[in-house]
Amino acid sequence: MEGGRKKEEENSMFETSHVLGSLLASSPLLAQAWQQCKLADGGGSSFAAARYGDTVCVAFSGVHAALSVAEGGDAEVFGAVPIDGGAARGMFATLAGGEGEEVLVQALALHVFVALYNTPEFQMLLEDTKNKTVIFTGHSIGGSIASLAALHLLCSSSCSSFPSSTTSLLCITFGSPLLGNQALSRAILRERWCGNFCHVVAQHDIMPRLLFCPLNSISPHLVANLQLQQFAMRHPQFAMPTLQLSDEEKAELHKFISMHTGAAAMEQKFSAVAQDRNPYRPFGSYALCSMEGAVCIDSSVAVQMLYVTFVTAWTADSSIEAQHLCYGDLVVQMPQHLLLKKRILIEKDEATKSNYDAGISLALRASGIGVKGIGAMAACECLKMSKRMGRSPNLNCANLALRLGKITPCRAQIEWYKASCDDDMGYYDSFKLRKSPKKDSKANMNRIKLGNFWDDVINMLQNNQLPHDLHKRSKWVNAAQFYMLLIEPLDIAEYYRNQNHKGKGHYLTHGRERRYKVFDRWWKGKDNVESSNFKRSKFAGLTQDSCFWAKVEEAKEWIEDVRNETDSIKLAQLWKKLNNFESYSKQLVERKDVSIDVLAPHSSYSLWVEEWKDLKLKWCSK
């Protein structure tokens, strides 16, 4: 019954990839953008700008980059480098400041963009874009440069240090090579910028798929040749030799690119870790085009669709250059074919299908695969997967909220456990010493359940299964912070109870779970974090430093070390650490930022205070 309802719900919805593709193909936007690309690449300038009312359309040229490659470059120019490295430092602060893996981008495109950025002409262009709608575009390597320009503008807009008054921004690339690694894609997802990028890809164009191949196998001269064809058409004296490849050589090249694109597609499908051959992965939205129309998909299934479309209906008699330069014909002919196709399909049996199934059929035809093509079944599954993944973050978030409600009793029981702990010893030490085995065991079980839940939240967020602004939503930030303040003291107690610090080292550097480091970042990013001048009228319900007890444990060891240390330099360092902790802990107590159980007569902290007083008295009497 439930499966039937799910199927009925799916069939009642439209297949959006074809709808969006049709909208894009029938608009004049692509034709205008391509015209600017021709002017930029044909004229040999770094960029060409045009104004349409309040809209500024800027096409970036990859000619200078291609010339540098043609003059003796090697495949290293396609290597990936940190987006905030060297002269680019500070240009992409929003992207570079994320979590986990370092954001890497194509070295060639970044080098060209940084050089362009420092020119007076580009700075004037940035001034001209203020209070206007901006379209950045580019063909081939020019598309990579356009993407970097768009990312810089978006980063500037989101950073208070570099305010931007750009009204809206869209970046359209034609046949552009991949720009960055999976970390870049995740960062763009996190900032919700995917809708600002539309990568137009022809069915058999090798350039958008080339960087799936091992970097040391890519011919720089092949890339330069493809990039410079537009320029050569306008300037015959610089004519590039055509790629003299036999049908067998073309077939081998197609097979090689297909093999590596297919391998990347399998990695994406099964969420596998990318292999060492290269780091490049797609981001943003893709418009996969053929003479039949276009389909719009997001990066979650882009690699699989790039593979399926590439291997379908390919013939060795087609020119590699022509496939890379076919976008002019596509933007003219797609709207015409779209009108004819709609009229024909209405007369055929597609009219009897559900909206969703008819949309899938239209999407398969528009992508050039066809409903009975070699890759039709795989493409159909990709389109359905894209739809499911598009809905799933919000659905997953709703389900997660239900799980949070179900796990809340575990938290409530630990709150009760904290309130019932021995007043003489307090929450931390009662759990560490296990004075009430039955009660302590139940608290430990609830601690583990809560930890597993929050680990699931972080893993789902990292795998793009949740809304990418979840870590900014007050409900989740507050819940995570409360969990951390309540539970981390128990994790610390367990760590030292099991003597883990003797084998691994102290908790703060060797034992702290990743989830707490993530929650620290969430809380620091919250807008309404309490001011440092805020003072409480009574002690906090929970100690506001979740790692307080770990610092107490280290301070206890320092006292022992002082008693046994003979080296004067090391001794001075230990005294400095102890004085710093004394000052820090006193400040917490004076501000009432600790729970009252911290001051229990026989808590670890109270015992440390007494030991510290005795130690100072003994040293003063010497």
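Keep in mind the model is a prediction, meaning the values are calculated, not measured.

What exactly am I supposed to notice about unusual backbone geometry here?
A negative phi holds for most residues other than glycine; trans holds for most peptide bonds. Of note, Arg434 is a non-glycine position whose phi angle comes to about 55°, a positive value. Summarising the element assignment, Arg434 is placed in the loop between helix H18 (427-433) and helix H19 (437-462). Not every positive phi belongs to a glycine, and Lys592 is a case in point at roughly 60°.

I tried to follow the packing of H19 against helix H23 (residues 514-524) on my own but got confused; where do I start?
A pair of packed helices is characterised by two quantities: the angle between their axes and the separation of those axes. At a minimum axis separation of 10 Å, H19 and H23 run at an interaxial angle of 65°. The interaxial crossing formed by H19 with H23 has left-handed handedness. Only Arg514, Arg515, Val518, Phe519 and Trp522 of H23 make contact with H19, whose side of the interface consists of Gly451, Trp454, Asp455, Val457, Ile458, Asn459, Leu461 and Gln462. In the contact of H19 with H23, the residues fall into seven nonpolar, three polar and three charged.

Explain the environment of Gly180 here, please?
Note that Gly180 resides in strand E7 (residues 180-181). Residue classification places Gly180 among the buried residues on the basis of a relative accessible area of 0%. Residues Gly180 and Leu104 lie 76 residues apart in sequence; the distance between their C-alpha atoms is 5.5 Å. Apart from residues no more than four positions distant in its own chain, Gly180 is found in contact with Leu104, Val105, Pro279, Tyr280 and Arg281.

Before we go on, may I ask you to explain the confidence of the model for the protein in this structure?
Residues with a pLDDT of 70 or more make up 83% of the protein, whose mean pLDDT is 83. By mean pLDDT, helix H1 (residues 2-11) is the weakest element of the protein at 43, and helix H20 (residues 474-497) is the strongest at 96. Counting contacts from residues 1-13, a segment whose pLDDT is below 50, to residues more than four positions away or on other chains yields nine contacts. Within the model, the stretch residues 343-352 combines pLDDT values under 50 with eight contacts to residues more than four positions away or in other chains.

Parameters at a glance
- Residues numbered from 1 in each chain as written.
- Predicted model: local features only at pLDDT ≥ 70, side-chain atom pairs only at ≥ 80, totals over all residues.
- Heavy atoms only, no water.
- Helix = DSSP H or I, 4+ residues; strand = E, 2+ residues; numbered from the N terminus.
- Axes fitted to C-alpha atoms, helices over the stretch in contact; angles between N-to-C directions.
- Left-handed = near helix turned anticlockwise from the far one by under 90°.
- Contact = heavy atoms within 4.5 Å.
- Nonpolar A, V, L, I, M, F, W, Y, C, P; charged D, E, K, R; others polar.
- Buried < 20%, exposed > 50% of the residue type's maximum accessible area, 1.4 Å probe, protein only.
- pLDDT = per-residue confidence, 0-100.

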